[in-house]
Amino acid sequence: MAAVRQGRSSKRKIAEIAAIFIVGYTLIFLILSAHETKHLHNTFLSFSSHDFLASLHPPNFTVIAGSSWDPTAAANGKDRKGEERRGNSGLNSRVRPITAHLYINDTHKSIQYPQYTGSEILSNGIRPFPVIDDYPEGDAYLPWIHDVFVSPRDQSKIIILAQNKRRCHTGKNYEDTMKRLEPQIALFQPISLKQQLIGVGSNSSTFVLSNDDEATIHETRFQCRFKLYQNDDNNSQKVIHEEIVFSKYPFNYEYITWRKVMDGMFETKGKGMAQFWLSSLEFHCPIPVKVQQKLKDTNIDNLQLYLDVATIQTPVRRAGEWFLLEVGKQHMFDVNRSWGSNIPIMNFENSTQWENIYIPIQQFLGVDIHKDERATTNNKATKDHSKTMANSYTKPFQLVACTWTSAAHNRRGDAVTLKDGKERLKEWITFNRLVGFDHVIVYDNSRANTNATTLKEVTDLFDPKFVTYIDWPCKVCNNNRPAHDDPGERSSQYAAEASCRARFGPFTDWMAFLDPDEYLVPMGNFTSWKEILEGIDRVEQRKVLKFRSTRARPRLNLLDPTYDPSYSNCPNEKEAADEKKPGISSCLIPRKNETFLKVYNCEYIKSPKPERFQRAMKQLYRPDFVQSHFVHYSTVTTELSMRKYNYSGAFKRAGTNNPKNERFVDEINEGVMIHAKSMTPNDGISRATRCVYKKTMCNIGIECPDDLPFDDKTHRDGFLYGNETYCNCWINRKVETLWIPKLESELKKLYP
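These numbers were taken from a predicted model, which means no experiment stands behind them.

A.B. asks: Hey, could you go over the overall build of the chain for me, with residue numbers and the actual values?
C.D. replies: Across its full length, the chain holds 18 helices and 30 strands. A buried classification covers 55% of the 752 residues belonging to the chain. Summed over its atoms, the accessible surface of the chain is roughly 33,300 Å², and 50% of this surface lies on carbon and sulfur atoms.

Take a look at the structure:
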């Protein structure tokens, strides 16, 4: 009996110990999940695997007014009828400036931008995210957002476009900066979350970091908090609904990098620019059903919608740490082993975040500012192609061009400033209308360079059904040349391209992102790109057409000397005539009233161009196939982003270009690109000594006879014909005889 009693006593002690353990664990979990959350900060970068959980120590946190909000209720969607929203902009205020919340050295810091409240004047209904050049430094988990808008057509999500701040300055002199900004890479890396109850018998829950096979939420990175306000009669507002959802990616950036056969998503040494598809970040915040419903059922004149975006922070996964099923479970990154088990995500209020991003309600009204007459088209090729697409929506446009430009701009390296932006744009828009483009979108970067002038007066010359103008004053973060030790990152341009594709891509079959000095010219028997694309859609169903690029030469017989002292390094008339300095000639500028296309219609590489000129290619592409585009390349396509487990045939990791989907154009019979890149006046100073056979390459165009053979091996020497006459470029006769006269005629209509 004594032995039995002793056994029962031992069991009771074990049960008591187990109960104490369960209660203790529950208390710890409550502290980690529901108490004011401890912030995971930038020191993640130096953590070993199991230091992650131990890092949850309290920061010196400044409580924001209204932070007693119940995250569990909001996560499930909570109406807050009659409740006043008290933000950091004050009680009962309709002024809700965008605010950045950062955590620097364990200390919370908020930065308000009172000039941005959602009441700014819109440009053609386009309201780019305003906080760009004022991006606050110190917390690299804050996304560098450039644009925010409601998804076109379906209005089901908020699309957020950001740039990778880590790419702004790289190289051996910036390795510390690259290290500090590694969390920018984490924003591209999906994580999985598991919903978990808080305590035994509780209805409350939180989300913890988890492996994918046990996750409730897959491939996310941000929490998105929607706040719907209603105006009252006292000139104040009350929040009537608030709800948190998790972000989604349009594709898995990590998977794309793995398919491009990279070791990881970033480099720690060198210039670190190899993964250029990680320049622009796109993620989505799904609009909660209750928010959509209230926008339908409530008088929208009394509503305002705001969005807060908070980053779910984790250490960046390094080379070889793939969180992908494709690498096999035994090789896949293990969250529990590397970071720890059951780690709750940060409370929203204590997270790095953007607060009060204004979402214009009018974007939900179904008003299509891009509406065109094409809805009544009888375009058989487009209809045939649409049968092969999952979406049968008839797009209003067949072909759209986007451009990022400025009234004045600096060339790479900032050594030269060009001020021909207005005339360039006027001619480029006119030309694109002639060759079959349905619509042109202009991202005007003028205010990043000067407040004196913009390109609006140029776009106003054209029918708004043909041109959309977007004021885009975002500055380039680094304008160095690519070969520089700190290579350039033209962040503003890359963001504009991402914005144009995401905003306008759903409305067009084909799209191009071009500079105003790039002309896509129909060749052969074609006089419109629509004819060419209809044939592609009907017969080939390719998705990308590529154009090799060479820089055209300005024709010497269409240039005039200038002695204007405002041009740098240009000799005066006396210096240019000095026989003692035979190597010095006058500066040159294009002849007045000549089109840029005519002046630069002289190619030093005769078509068809050799393969080596495909590096700086430009493309026409289908935006329903190309999910991300970077200047010259379709970096992500629906084919590349398709996961291995969705493939029906043989799968290869290396995602190479598929000739079934893309090809180069036939430059003789289909089309060619003329790159009329502006010369500077002093480019011609040394022409007397450079423009000579077998001397240094001459940048000024001296025309060759049409029948003179081209030899690619010796083109740098120039060519000789007749009585030892030097020449170095060929005129495109179709451009000269057809397109230039048409262009000149159309331009006269703009300025009779």
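A.B. asks: Residue-level account of the sheet that holds strand 4 (residues 144-150), with values.
C.D. replies: What holds strands together in a sheet is hydrogen bonding between their backbones, with the strands either parallel or antiparallel. If you trace the three strands from one edge of the open sheet to the other, you get 4-5-11, paired in antiparallel fashion. Each end of this open sheet is capped by a strand with a single partner; those strands are strand 4 and strand 11 (280-286). Strand-to-strand twist of the sheet, defined as the mean angle between neighbouring strand axes without regard to direction, takes the value 20 degrees. Sheet topology note: the strand 4/strand 5 (residues 157-163) ladder contains six bridges and is antiparallel. Bridge pairing in strand 5 links Val150 to Ile158.

A.B. asks: Tell me what's going on with the state of the cysteines, and back it up with residues and numbers.
C.D. replies: Disulfide: a covalent bond formed between the sulfur atoms of two cysteine residues. By the definition in use, this model includes seven disulfides. Across the disulfide from Cys691 sits Cys698; the S-S distance is 1.9 Å. Its S-S torsion of about 55 degrees marks the bond between Cys691 and Cys698 as right-handed, since a negative value means left-handed.

A.B. asks: Give me the environment of Pro473: which residues, what numbers.
C.D. replies: Looking at where Pro473 falls in the secondary structure, it is placed in the loop between strand 18 (467-471) and helix 12 (491-504). We classify Pro473 as partly exposed; its relative accessible area is 28%. On a C-alpha basis, the gap between Pro473 and Arg447 in space is 4.9 Å, while along the polypeptide they are 26 residues apart.

A.B. asks: Pulling in residues and values, what's your account of the pattern of salt bridges?
C.D. replies: Inspection of the entire model under this criterion finds 40 salt bridges. Here Arg501 and Glu282 are joined by a salt bridge, their closest N and O atoms 2.9 Å apart. Of this pair, Arg501 sits in helix 12 while Glu282 is found in strand 11, placing the two residues 219 residues apart along the sequence. Each of Lys395, Asp509, Asp537, Arg622 and Asp624 takes part in a single network of salt bridges with overlapping partners.

A.B. asks: I'd like a rundown of the sheet that holds strand 6 (residues 191-197), residues and numbers included.
C.D. replies: In space, the three strands of this open sheet follow the order 7-6-8, with antiparallel pairing throughout. Each edge of the open sheet carries a strand with a single partner, namely strand 7 (205-210) and strand 8 (217-220). This sheet shows a mean twist of 35 degrees between the axes of neighbouring strands, independent of strand direction. Pairing of strand 6 with strand 8, which is carried by two bridges, proceeds in the antiparallel orientation. Each residue of the ladder has a partner; that of Ile191, found in strand 8, is Thr220.

A.B. asks: An account of the confidence of the model for the chain is needed here, citing residue identities and associated values.
C.D. replies: Model confidence for the chain is summarised by a mean pLDDT of 84, while 81% of its residues fall at 70 or above. Low confidence marks residues 79-92, where pLDDT is under 50. Its contacts with residues over four positions away, or in another chain, come to 42 contacts. Here residues 367-391 scores under 50 on pLDDT; set against residues more than four positions off or in separate chains, the count is 36 contacts.

A.B. asks: Describe the nonpolar core, and please don't skip the residues or the numbers.
C.D. replies: One finds Ile158, Phe226 and Leu307 to be the most contacted residues of the largest nonpolar core, which totals 71 residues. With residues up to four places along the chain from it excluded, the contact list for Ile158 reads Val148, Phe149, Val150, Phe226, Phe283, His284, Cys285, Ile287, Leu307 and Ile359. Counting 55 residues, the second-largest nonpolar core is a separate cluster that includes Phe466, Leu514, Leu520 and Leu588.

A.B. asks: Please set out the packing of aromatic side chains residue by residue, giving values where relevant.
C.D. replies: Scanning the model with the defined rule gives 25 aromatic pairs in all. Ring geometry for Trp529 and Phe547: centres 5.4 Å apart, planes at 75 degrees, overall edge-to-face. You can see Trp529 sitting in helix 13 (residues 529-540) and its partner Phe547 sitting in strand 21 (residues 544-547), a full 18 residues away along the chain. Judged on exposure class, the residue Trp529 and its partner Phe547 are both buried. Judged by centre distance (5.6 Å) and plane angle (85 degrees), the ring pair of Phe710 and Trp730 falls under edge-to-face. Here Phe710 is found in the loop between helix 17 (687-690) and strand 29 (719-721), whereas its partner Trp730 is found in the loop between strand 30 (725-727) and helix 18 (733-750), with 20 residues between them in sequence.

A.B. asks: So, the side chain of Gln493: which residues are in play, and what are the values?
C.D. replies: One can find Gln493 in helix 12. Owing to a relative accessible area of 7%, Gln493 belongs among the buried residues under this scheme. Ignoring any residue separated from it by four or fewer positions in sequence, one finds Gln493 in contact with Trp404, Phe513, Asp515 and Val631.

A.B. asks: Run through the pairing of strand 13 (residues 353-359), naming residues and quoting values.
C.D. replies: Where burial is concerned, most of strand 13 is hidden: seven out of the seven residues are buried. As judged from the three bridges shared by strand 2 (residues 98-104) and strand 13, these two strands associate in the antiparallel manner. Bridge pairing links Ala100 to Trp354 in strand 13.

What counts, and at which threshold
- Residues numbered from 1 in each chain as written.
- Predicted model: local features only at pLDDT ≥ 70, side-chain atom pairs only at ≥ 80, totals over all residues.
- Heavy atoms only, no water.
- Helix = DSSP H or I, 4+ residues; strand = E, 2+ residues; numbered from the N terminus.
- Buried < 20%, exposed > 50% of the residue type's maximum accessible area, 1.4 Å probe, protein only.
- Areas by Shrake-Rupley, 256 points an atom, 1.4 Å probe, with all protein chains shown as cover.
- Pairing = 2+ DSSP bridges.
- Axes fitted to C-alpha atoms, helices over the stretch in contact; angles between N-to-C directions.
- Disulfide = S-S within 2.5 Å.
- Salt bridge = Lys/Arg side-chain N within 4 Å of Asp/Glu carboxyl O.
- pLDDT = per-residue confidence, 0-100.
- Contact = heavy atoms within 4.5 Å.
- Core = buried A, V, L, I, M, F, W, Y, C linked by side-chain atoms within 4.5 Å.
- Phe/Tyr/Trp six-rings, centres within 6.5 Å; stacked < 30°, edge-to-face > 60°.

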